[in-house]
Amino acid sequence: MKRIYIFLLLFPFLLNGCTDFLEPDQVNLVYNEVFWKNQNDAERALNGVYALYRGVMVDGNWYERGDATTGFFNRGWNGGSSDALYKPGDFSSASSTQRSWGNLEGLSDWSDFYKVIAHANLVIKKIEGMSDDLFQEGKKQQFLGEAYFMRGLVYFNILRIWGNAPYISDAIESSTQVINDDLTPVLIGRTKDTDLAANILEDIEKAIQMLDYQQPGTADWGIRASRASAEALSGHANLWMHFLATRDNLANPGQYLTKAVTSLESLKNNGGYILESYEGADALTRLYKGQSAEAIFELNISSEQNESYRIDHGGVVRLTCKVVSLDGDATKDRSSSVNFVPRSQKELIYPDYDFDQRTGDRRANLFFDVWYSHYNEPFSDVSSTSTDRNLVTWMKKYSMMTIDASRAWNEYSAYFAEANIPVFRYTDAILLLAEAYAKSGQPGKAVDIVNTIRERAGLTPYTGDNLLKEVLQQRISELIGEGQIYFDMVRNNYFPNPQVMDQARYQQQGYYWPVSGNILVSNKMVSQTPYWNGKTSW
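Criteria and cut-off values
- Residues numbered from 1 in each chain as written.
- Predicted model: local features only at pLDDT ≥ 70, side-chain atom pairs only at ≥ 80, totals over all residues.
- Heavy atoms only, no water.
- Helix = DSSP H or I, 4+ residues; strand = E, 2+ residues; numbered from the N terminus.
- Buried < 20%, exposed > 50% of the residue type's maximum accessible area, 1.4 Å probe, protein only.
- Contact = heavy atoms within 4.5 Å.
- Areas by Shrake-Rupley, 256 points an atom, 1.4 Å probe, with all protein chains shown as cover.
- Phe/Tyr/Trp six-rings, centres within 6.5 Å; stacked < 30°, edge-to-face > 60°.
- Axes fitted to C-alpha atoms, helices over the stretch in contact; angles between N-to-C directions.
- Parallel < 35°, antiparallel > 145°, perpendicular 65-115°, else oblique.
- Left-handed = near helix turned anticlockwise from the far one by under 90°.
- Nonpolar A, V, L, I, M, F, W, Y, C, P; charged D, E, K, R; others polar.
- Pairing = 2+ DSSP bridges.
- Salt bridge = Lys/Arg side-chain N within 4 Å of Asp/Glu carboxyl O.
- Expected span 1.5 Å × (residues − 1).
- Polar contact = N/O pair within 3.5 Å; in protein donor to acceptor, adjacent residues only side chain to side chain.

Looking at this structure, I do not really get the overall build of the protein chain. What am I missing?
When you go through the protein chain residue by residue, the secondary structure sums to 17 helices and 4 strands. For the protein chain, the residues scored as buried account for 58% of the 538 residues in total. By sequence separation, contacts in the protein chain at least 24 residues apart represent 71% of the contacts at least 6 residues apart. Within the structure as shown, the protein chain displays about 21,300 Å² of accessible surface, and the carbon and sulfur contribution to it stands at 47%.

Explain the packing of aromatic side chains here, please?
Throughout the structure, instances matching the rule amount to 29 aromatic pairs. Ring centres of Phe149 and Phe297 lie 5.1 Å apart, and the angle between their planes is 80°; on these two criteria the pair is classed as edge-to-face. Taken as a pair, Phe149 in helix 4 (residues 139-162) and Phe297 in strand 1 (residues 295-299) lie far apart in primary sequence, 148 residues in all. Phe297 matches Phe149 in its accessibility class, with the two residues each being buried. Ring geometry for Tyr278 and Phe367: centres 5.6 Å apart, planes at 80°, overall edge-to-face.

What am I meant to see in the packing of helix 1 (residues 39-57) against helix 3 (residues 111-129) here?
Close contact between helix 1 and helix 3 brings their axes to 9 Å; oriented N to C, the two are set at 165°. When the interaxial angle is binned, helix 1 and helix 3 end up roughly antiparallel. Between helix 1 and helix 3 lies a crossing whose hand is left-handed. Mapping the contact onto sequence places Ala42, Ala45, Leu46, Gly48, Val49, Leu52, Tyr53, Val56 and Met57 in helix 1 and Asp112, Phe113, Lys115, Val116, His119, Ala120, Val123 and Ile127 in helix 3. When grouped by side-chain class, the residues that make up the contact of helix 1 with helix 3 number 13 nonpolar, 2 polar and 2 charged.

Is there a simple way to explain the pairing of strand 1 in this structure?
The side chains of a regular strand alternate, first on one face of the sheet and then on the other. Within strand 1, 5 of the 5 residues are buried, which leaves the element mostly enclosed by the surrounding structure. Sheet topology note: the strand 1/strand 4 (residues 421-425) ladder contains 4 bridges and is antiparallel. Looking at the pairing, Leu299 lines up with Ile421 of strand 4.

Got a minute to help me understand the pattern of salt bridges in this structure?
Proximity of charged atoms lets side chains of opposite charge pair with each other. Applying the stated criterion to the full structure yields 38 salt bridges. For Arg454, the salt bridge identified is with Asp352, shortest N-O distance 3.7 Å. Of the two residues, Arg454 sits in helix 13 (residues 443-456) while Asp352 sits in the loop between helix 10 (346-349) and helix 11 (362-367), which places them 102 residues apart along the sequence. Overall, Arg454 belongs to the buried group, its relative accessible area being 8%. Residue classification places Asp352 among the partly exposed positions, given a relative accessible area of 37%. In the salt-bridge network here, residues are joined through shared partners; they are Glu294, Asp361, Arg363, Lys397, Arg425, Arg456, Glu478 and Glu482.

Looking at this structure, I do not really get the environment of Met401. What am I missing?
Here Met401 shows up in strand 2 (residues 401-403). On a C-alpha basis, the gap between Met401 and Val323 in space is 9.3 Å, while along the polypeptide they are 78 residues apart.

Explanation requested: unusual backbone geometry in the structure shown.
The general pattern is negative phi for most residues beyond glycine and trans for most peptide bonds. Here Val370, not a glycine, exhibits a phi torsion of approximately 45°, which is positive. Relative to the elements of secondary structure, Val370 occurs in the loop between helix 11 and strand 2.

Even after reading the chapter, I still don't get the packing of helix 6 (residues 227-247) against helix 12 (residues 426-439), so can you show me in this structure?
When two helices pack together, their arrangement is given by the angle between the helix axes and by the axis-to-axis distance. Two elements in contact, helix 6 and helix 12, have axes whose closest approach is 10 Å; the angle formed by their N-to-C orientations is 35°. Both helix 6 and helix 12 take part in a crossing whose hand is left-handed. Across the interface between the two elements, Ala232, Gly235, His236 and Leu239 of helix 6 pack against Asp428, Leu432, Glu435 and Ala436 of helix 12. Across the contact of helix 6 with helix 12, the residue classes break down as 4 nonpolar, 2 polar and 2 charged.

I keep staring at the environment of Asp220 and nothing clicks. Help me out?
Within the fold, Asp220 resides in the loop between helix 5 (193-210) and helix 6. Considered as a pair, Asp220 and Gln291 are 71 residues apart in the sequence and their alpha carbons are 8.6 Å apart. For Asp220, the contacting residues outside a window of four places in its chain are Gln214 and Gln291.

Sorry, what's going on with helix 1 here?
Because each turn of an α-helix spans 3.6 residues, side chains separated by three or four positions in sequence point in the same direction. In a regular helix each residue adds 1.5 Å, so 19 residues correspond to 27 Å; helix 1 covers 28 Å between its end C-alpha atoms and thus fits that length. For helix 1, the buried fraction is high: 15 of the 19 residues fall into the buried class. Among the residues of helix 1, the N-terminal cap falls to Asn38, whose side-chain oxygen and the backbone nitrogen of Asn40 are separated by 3.1 Å.

How do you make sense of the side chain of Thr393 when you look at a structure like this?
Structurally, Thr393 can be placed in the loop between helix 11 and strand 2. On the accessibility criterion, Thr393 (2% relative accessible area) is buried. There is a polar contact of 2.8 Å between the side chain of Thr393 and the backbone oxygen of Val370. Among residues more than four places away in sequence, those in contact with Thr393 are Asn339, Phe340, Val341, Lys346, Phe368, Asp369, Val370, Trp371 and Ser373.

Right under this line is the structure:
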């Protein structure tokens, strides 16, 4: 067995919770001495993988990496995402506290992702070693398929964020696996992104073979891994691998387009998903409250099921949503503290919206409040241009919440989040299929999908001359705020906001994130992402 060490990679059976938001009991119960005796043990351990992953994602970092980095959102006057995520870097002084990314080291630390990997590795090894007769028919295969899916998903997150990163597939059960005989830690360096992607594709293929499609309306619909969720991940991972293979001039990059098409067509034809209507007062709730007809895979957020978080403690709701203050004070609605969309960005998101008539693309008014606002600057009571708190264009996708009945008398934003975190939804999958069609010489099929999406949005059929750009435009219009758009831009070298990524940075693979100083100090086998050498304050 290869012995390996990654800084802050805790033994999975010693974990004592995942974040300040969620502390799932099942994660504390994976002790080798008492576990792995029956199906219930295996399922509880597997649930720990889901809980740990939800704990990693619930703070909103997926939104900050995939959406705040696009330049479509700006931070509020008194809060929101760091403007270093979307403004040109300031690398003029190594000692400057204002230096670009100087306060973002937390987002550069991959340790929490590797905690999930460690737990998934243990689950895979232990379930594989359990006797088949300990499980109901098909359950052992299902649990393994879910574990392979989750490991592949977390590694795919790591791949898109850091590119070259350590790869570990061994289950760590003893300190002897991470400590040498001379008591020095066993170290491992960064794996090439193409090799990491190949390992991810192997996990995904195993998951596809082991999992079944879910039935709409069942308890696990969309919130546990299924064959469809593995196929959605296959589509994403194969298109990413196509991007990497093309970049590096590898042999036959078209094979990854073919595989992406195969996986996504299977999902489309067999998954049982339909596009939700965008008409009706409950359209937003139907789509984002959870387990909609489009829910391929999402992270369950529900206070009723003890799987939520207080929005005043963090998360995507805190970053994006205004609230009604519980003390009745309208000035505490967070208008100056949330990310907003400035007027200068709006044509890039919904180019067919008519500002004079306040009509056109119905997604503008469905997903955002006061899309017609002309404000380019953040709202503030002392601003010279943006003084009306009712003209802040904020995103409504995650605005479902309930009051914490146990709140203190002076807590005026004491709400629990109630909107699920979308990882893959059906709109994402079929637009990804349209991208694969456009790149593989099947424009007719791509146009059919694009026109289906445009029709739902209240738009006329596509008549342009740049089909791939139209597919990417529809992905922006649909998936904004869902953690995908920045990675779409990287995959296609398409950045509507040039300040987000210039070509010199892109050619140096500056689309990958820097690595935390804590990791660099503790693991000398890991080097900084080349573009970021000398460009961070750590």
